[in-house]
Amino acid sequence: MSLKRLQLTLAIFKPDITAQPHIIKEVRSMLLQHKFYFIRSKELRLSRQRAEEFYQEHKGKFFLNRLVSFMSSGPLSAHILARDNAVQEWRRLMGPTKVLRTIHEDADSIRGMYGLTDTRNCTHGSDSPESAAKEIAFFFPEFSIDHWYREDESCYREGKVFYDNDTGMHMLQR
Ligand code: ADP
Ligand code: MG
């Protein structure tokens, strides 16, 4: 049993892969195989305005308009994931941002296997614990990170949970 407390991160399955159920299935199975816990999940659509808000750090970049159009073009799903070192480990599974390079340089990553273009690159992952907290609040305003650490974190860390196929989330065994 690990004594190190689990970290939370935010994952998004972007519209390019939500249109491809077999890819979603594969990504989920990679996450489970790498011992991530699905804490909360929701399916939603983003308006242009909300997508702009989510990506405000990229204001002024040449790809922002393309990115916002893409992210508001179809359904997506957002997931709170937990694991030891979740932020870094989820980004490692995803692979680097730029698909056209990643296809060659990190071919076994999610973006390397399934990415279509530098914009349509399958998934999002928070880039630090601080952005994870902000991004979790953006998609899951009803979720309290403090409460989760107080009440639930140790159960996940000790493995007292099971994966529920119906909801696609891990549930506490109590
Ligand atoms: P990441 O998603 O890996 O954290 P960034 O935060 O830098 O990458 O960019 C956000 C998203 O904007 C990327 O995932 C991708 O969809 C898009 N994007 C980033 N850089 C480019 C680029 N050079 N050309 C096209 N789209 C890009
Ligand atoms: Mg980023």
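This write-up is about the structure you can find in this document. (Residues numbered from 1 in each chain as written. Chains lettered and ligands numbered in written order. Predicted model: local features only at pLDDT ≥ 70, side-chain atom pairs only at ≥ 80, totals over all residues. Heavy atoms only, no water.)

Near ligand 1 there are 13 residues, and of these His 58, Arg 91, Thr 97, Thr 119 and Asn 121 occur at the shortest range. With respect to ligand 1, the side chain of Lys 14 contributes an N or O atom lying 2.9 Å from an oxygen atom. Taking Arg 111, its side chain carries an N or O atom lying 3.1 Å from an oxygen atom of ligand 1. About the coverage of ligand 1: the protein hides 88% of its 530 Å² of free accessible area. Considered class by class, the residues forming the shell around ligand 1 number four nonpolar, four polar and five charged. (Near = heavy atom within 4 Å. Polar contact = N/O pair within 3.5 Å; in protein donor to acceptor, adjacent residues only side chain to side chain. Areas by Shrake-Rupley, 256 points an atom, 1.4 Å probe, with all protein chains shown as cover. Nonpolar A, V, L, I, M, F, W, Y, C, P; charged D, E, K, R; others polar.)

For side chains of opposite charge, pairing can occur when their charged atoms come near one another. Scanning all chains against the criterion turns up seven salt bridges. Taking the shortest distance from any N to any O, the salt bridge between Asp 84 and Lys 4 comes out at 3.1 Å. Here Asp 84, found in the loop between strand S3 (76-83) and helix H5 (86-94), pairs with Lys 4, found in the segment before strand S1 (7-13); they are 80 residues apart in sequence, far enough to count as distant. The partly exposed category is assigned to Asp 84, whose relative accessible area is 32%. Here Glu 142 and Lys 42 are joined by a salt bridge, their closest N and O atoms 3.1 Å apart. With Glu 142 in the loop between helix H8 (129-139) and helix H9 (145-151) and Lys 42 in strand S2 (residues 37-44), the pair connects residues that are 100 residues apart, well separated along the chain. (Salt bridge = Lys/Arg side-chain N within 4 Å of Asp/Glu carboxyl O. Helix = DSSP H or I, 4+ residues; strand = E, 2+ residues; numbered from the N terminus. Buried < 20%, exposed > 50% of the residue type's maximum accessible area, 1.4 Å probe, protein only.)

One finds Leu 8, Ile 39, Phe 139 and Trp 148 to be the most contacted residues of the largest nonpolar core, which totals 31 residues. For this core, the elements supplying multiple residues, two or more each, are S1, S2, helix H3 (48-54), helix H4 (64-71), S3, H8, H9 and helix H10 (153-157). Per element, the largest residue contribution to this core is five residues, and it comes from H4. In contact with Ile 39, other than residues within four places in its own chain, are Leu 8, Ile 80, Leu 81, Ala 82, Phe 143, Trp 148, Tyr 156 and Met 169. (Core = buried A, V, L, I, M, F, W, Y, C linked by side-chain atoms within 4.5 Å. Contact = heavy atoms within 4.5 Å.)

Turning our eyes to something else, we now look at H8. Those residues of H8 not exposed but buried are Ser 131, Ala 132, Glu 135, Ile 136, Phe 138 and Phe 139. Down the axis, H8 shows its buried residues gathered within 155 degrees of arc, on one side only. Relative to its buried face, H8 has exposed residues pointing more than 90 degrees away, namely Glu 130 and Lys 134. (Arc of directions from axis to C-beta.)

What follows deals with the environment of Lys 4. Taking the C-alpha atoms as reference points, Lys 4 and Asp 84, separated by 80 residues in sequence, lie 7.3 Å from one another. Apart from the residues lying within four places of it in its own chain, the contact partners of Lys 4 are Asp 84, Glu 153 and Arg 157. Separated by 3.1 Å, the side chains of Lys 4 and Asp 84 make a polar contact.

Moving on, we come to the sheet that holds S1. Here we have four strands laid out as an open sheet, ordered S2-S3-S1-S4, and antiparallel in their pairing. Bordering the open sheet on either side are S2 and strand S4 (123-125), each of which pairs with just one other strand. Strand-to-strand twist in this sheet, taken as the mean axis angle between neighbours without regard to direction, amounts to 20 degrees. Relative to S3, S1 runs antiparallel, the two being bridged by seven bridges. Opposite Gln 7, over in S3, you have Arg 83 as the bridge partner. (Pairing = 2+ DSSP bridges. Axes fitted to C-alpha atoms, helices over the stretch in contact; angles between N-to-C directions.)

Now for unusual backbone geometry. For residues other than glycine, phi is negative in most cases, and the peptide bonds are mostly trans. Within the chain, Lys 35 stands out as a residue other than glycine whose phi angle is a positive 70 degrees. Counting through the fold element by element, Lys 35 comes out in the loop between helix H2 (21-33) and S2. In this structure, Asn 85 is a non-glycine residue whose phi angle is positive, near 60 degrees. In this fold, Asn 85 is placed in the loop between S3 and H5.

That's the geometry; what it means functionally is another story.
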